[in-house]
Structures are given as structure tokens and as C-alpha cells.
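Understanding the architecture of this molecule
This is what each chain is made of:
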Amino acid sequence: MLQTLRNAWRIEEIRKKILFTLLIVLLYRIGNAIPVPFVNTALLQQYFAYLQNTALGLLDAMSGGSFSNATIFALSIQPYINASIIIQLLCIAIPALERMSKDEGEEGRKKIASITRYSTVAIGLLQGFGYYMLMRNNGIIVSEVANNVWAAIVIILTFTSGSALIMWLGEQITEFGVGNGISIILFASIISRFPNSVITTIQNVINGSLTWWAALLVFLGALALIVLIVFVNDAERRIPVQYAKRVVGRKMYGGQSTHLPMKVNMSGVMPIIFASSISSIPATIAAFTGHQNSAWAKTNTIPYAIIYLLLIIFFAYFYSTIQFNPIEVANNLKKNGGYIPGFRPGKPTSEFIQKVLNKITLFGAIYLGIIAITPILVSHFSNAAALTGLSLGGTSIIIVVGVALETVRAIEAQMLMRNYKGFLS
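Now for a description of the structure that goes with this document. Starting from 1, residues in each chain are numbered consecutively following that chain's sequence as written. pLDDT decides what is reported in this predicted model: residues at 70 or higher carry local features, side-chain atom pairs at 80 or more are listed and counted, and totals for whole chains, interfaces and linings draw on all residues regardless. As a rule here, side-chain values come from all non-hydrogen atoms in the structure, and water together with hydrogens is ignored.

**Looking at the overall build of the protein**
Stated formally: Working definition: helices are DSSP H or I runs of at least four residues, strands are E runs of at least two. Numbering for both runs from the N terminus. Any two residues whose heavy atoms approach within 4.5 Å at even a single point are treated as in contact. Only the protein chains shown count as covering a residue, and every accessible area follows the Shrake-Rupley method with a 1.4 Å probe.
Counting its regular elements, the protein contains 16 helices and 5 strands. Contacts in the protein between residues at least 24 apart in sequence constitute 75% of all its contacts with a sequence separation of at least 6. About 22100 Å² of surface is accessible on the protein, with carbon and sulfur atoms providing 65% of the total.

**Quick notes on the packing of helix α2 (residues 12-31) against helix α8 (residues 149-176)**
Just so we agree on the cut-off: What counts as an axis is a line fitted to C-alpha atoms, over the stretch in contact for a helix, and the angles between N-to-C directions run from 0 to 180 degrees. Put simply, angles under 35 degrees are roughly parallel, angles over 145 are roughly antiparallel, angles from 65 to 115 are roughly perpendicular, and the rest are oblique.
For the pair α2 and α8, interaxial distance at closest approach is 9 Å and the crossing angle is 170°. The orientation of α2 with respect to α8, classified from their angle, is roughly antiparallel. Where α2 abuts α8, its residues Lys17, Phe20, Thr21, Ile24 and Tyr28 lie against Ile166, Leu169, Gln172, Ile173 and Phe176.

**Focus: a nonpolar patch on the surface**
Counted only if it meets this: Within this analysis, patches are made of residues with over 30% relative accessible area and no salt bridge. Like charges are joined at 9 Å or less; nonpolar side chains (Val, Leu, Ile, Met, Phe, Trp, Tyr) at 5 Å or less. Criterion for a salt bridge: a side-chain nitrogen of Lys or Arg within 4 Å of a carboxyl oxygen of Asp or Glu. For the exposure calls, accessible area comes from a 1.4 Å probe over protein chains only, and a residue counts as buried if that area is under 20% of its type's maximum, exposed if over 50%, partly exposed in between.
A cluster of nonpolar residues, Trp212, Trp213, Leu216, Leu217, Phe219, Leu220, Leu223 and Ile226, forms a patch on the protein surface that exposes about 850 Å² of accessible area. Within the element layout of this structure, Leu217 appears in helix α11 (residues 212-234). Given the relative accessible area of 52%, Leu217 is considered exposed.

**A few points about the packing of helix α7 (residues 105-137) against α8**
Axes are the key here: two packed helices are described by the angle between their axes and the distance separating the axes. Threshold: Two helices crossing with the near one rotated counterclockwise from the far one by less than a right angle form a left-handed crossing, whereas a clockwise rotation gives a right-handed crossing. Residue type decides the class: Asp, Glu, Lys and Arg count as charged, Ala, Val, Leu, Ile, Met, Phe, Trp, Tyr, Cys and Pro as nonpolar, and the leftover types, Gly among them, as polar.
Here α7 crosses α8 at 140°, and the two axes come no closer than 8 Å. Accordingly, the angle class assigned to the pair α7 and α8 is oblique. Note that α7 runs across α8; the crossing there is right-handed. Contacts between α7 and α8 involve Arg117, Thr120, Val121, Gly124, Leu125, Gly128, Phe129, Tyr131, Tyr132 and Met135 on the former and, on the latter, Ala152, Ile155, Ile156, Leu157, Phe159, Thr160, Ser163, Ala164, Met167 and Glu171. Residue classes in the contact of α7 with α8 are distributed as 13 nonpolar, 5 polar and 2 charged.

**Focus: unusual backbone geometry**
Peptide bonds are trans in most cases, and residues, glycine excluded, mostly fall at negative phi. Even without being glycine, Phe38 reaches a positive phi, approximately 70°. Its place among the elements puts Phe38 in the loop between α2 and α3 (41-48). Classification of Phe38 by relative accessible area gives partly exposed; the value is 33%. A positive phi is found at Ser76, a non-glycine position, where the angle reads about 55°.

**Brief notes about the environment of Pro326**
As for its position among the elements, Pro326 is in helix α14 (residues 326-335). Each C-alpha atom, one on Pro326 and one on Gln354, is 5.8 Å from the other, the two residues being 28 residues apart in sequence. Not counting residues up to four positions away in its chain, the partners in contact with Pro326 are Ser350, Ile353, Gln354 and Leu357.

**Comments concerning the environment of Ile278**
By the secondary structure assignment, Ile278 is in helix α12 (residues 270-288). Not counting residues up to four positions away in its chain, the partners in contact with Ile278 are Asn82, Ile85, Leu311 and Phe315.

Structural data, given as C-alpha cells:
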């Protein structure tokens, strides 16, 4: 990874893209430090100090701490993620949207992106209103304007415009930078909390609330988790493919053997990101309506872990279905004279590929689910104050490592395309 970054930095075109991405991340972090008006941030931070293992704590972790400080980027990318989930599901349920996304090509994808943007603004308004009501009901709004309509409008519109601006920043990274913009913004949010987590752990060891060997086990577990994530991300199931010989003119083509690679974790970190957003909706509603101490508002409970696991499995299958079409792959093999040994071209080949896809997707989904819910179960059964926030650890590590690997692959792909351009020119 470091060698790839060094090689990319020597290339001027890619270096500019990396610097542009870092500039956008810097602007995002600056926005995370600008609070909205009329909010007593000191009271808000005291309020969030007791909500680390709740849905609000999850939202705060995903926003890089801006949610607990009520900054202009407090809603982070959650409205955009929720809007993307809704629109992609509607593209399957509504034939008109499905035709728009598949048959109209680039123009159809632009229309779907526009619908997603408008949906992001609408969801941002709803979440901004809910956050405002949460602060007002708990006396966090400055008393002079607590019941002022214009103050409420300013706060809600500031939250909404902040989420829309983050969506735009992410799109700029995707178009002019390196990697997926939304994933990189989420990566920056989570990484920004790691130094504070390390400092808090050291303080807990010093004051005796956490033993040194427990902290060492957590550290070694995190390292082992990173190794496992890297190993599974590179794992793939290779289906052998044989191409028949054919004579074209005086030359003979084909006859070689190759393989069809199918990654075990084909959908990357997207099932984790989407599942964490959806599973926290009931808990978020409970927290916003003043029931933050109820069981549904906590993220270290058994019901939450079960819902989280099921959603991860669902979104893993959902994304693998979108990204990999066995019928299309089988037809392409048939057109090019390829076949899988032991299976006839056409429908038998597509059924075999679908069967393999279902197996490896299930394995990848269970792998993601176990890593994500294990810290939740540890936090639930330990009930240790020093382990506050542990329920977010597995999810955070998966997202951080997954996004880092995807970004490195994107840089390698751009370097490879640049080499091809130089060769062809």
C-alpha cells in the first residue's frame, strides 16, 4: 500500500487528484468545527456523554463527533445514505425507475442521481427537524430563542444545507479526486475519533478503570481484525473457464484456459454502512422523541445485534445482485466461445454461477456480520464503563480498512490506465 502511494505521488496527474481529495477532506473537517447558532454546545456535550452506546452515539461516531457538537455538518452523510438506499430499492420495485436506470444509459443514471439529491434534501429536513426537537425538549437551545420560530428555521436549514454540501463534496471527490467520495468522507469522520479513543483508553488504564491486559487484548484483537479484513477482501472464488478452438482464415484462435474471479466480499463495506443507517432508525426515533433511555435507543442490546446482522446479510445479497449478473456473464461466455467445464453454455452455466454466487455471498455476509456484532455482544455482556463505545469498534474498523483498500485499488487502476495511455500514444 505504501509503495503504491509513493509511486502514485511521483505522477503529477494522480498527485493533483490526491491533493484535491485531501483539500476536500480538510474543508469537511473545518465544517465539523463550525457550530450552528442558538445551541448551548456545553450542555449538548454533557448530554451526549451518557449516550455513547445509543443510536445517537452511533450517529456521532459516523459524523466524526460533529453530531454531539451540533455543527453545520452534524447530519453528516446519513441523509444521503438513506436516500440512496430508498432510491435503489425503488428502482427494483418500480418498473419506470428500473427502465430509467438500465435502458437510458448515462442520461438515466443522471436522472436517478438527481432524484437521490432531492431525496437527500427531504430526509435532511426531517432529520434536522428531529434533531432540533431533541435539543429543544432537553433545554439545549439558548433560552432566549427556545420558542422562536425563526431560530428553529435557521437551525433546521443549517443542518439540511450542511448535509447537501457534504453530498456535493463527496461527488467532487468521486469526479476529480481518488476513490469513492462518500466513503472517503465517512473514512475521515471515523479516523478523526481514533486519537481521542486511544487517549481515553490510556487514561482508563492509568486511573485503574481498565486493566492493562484488557487494553492489550483489545489492541491485539483490532490488529487481528485488520489482518482478517485484508485477507477476506483479497479472497476470491475462481471458476475455471475454457475457450474452444476456432479457425478464422488461416489462423486458429482460442483453446486457452482462464478463470472467472468472484470476490468473497464483493459488496465491500456498503452492507455495513447501509445496515448501520437502517438499523439505527427505530433507535433514532426513540431518542429524538425523548425515549433515549429505552431499550430500542441502545446499540449494545441483543435485538439491535440481531436486526443489524440480518440487515448486513440482506444488503450483501442486494449489492451482489446489482453488481454481478450471472445470466449476462453466461451469455458473454457463450458469445466468445467460452464454457465452464462440466456445464453446457447458456442456462446451465448461469445457474451454476448463481449457485456459486449465493454461497460466497452468504460467507461474506456472515463474515461481515460476525465482525460487526461481536463488539456489540462483548459490550452488552460486560457492561463495563471503560468499554463504552466498544459496540461501534467492529463497524468502524471494517469501514476504515475497507475504504482504505478500495482507495488504493482506485489509485492502482488510475496508474494502470495512465500506463496504457502512454503505451498507446
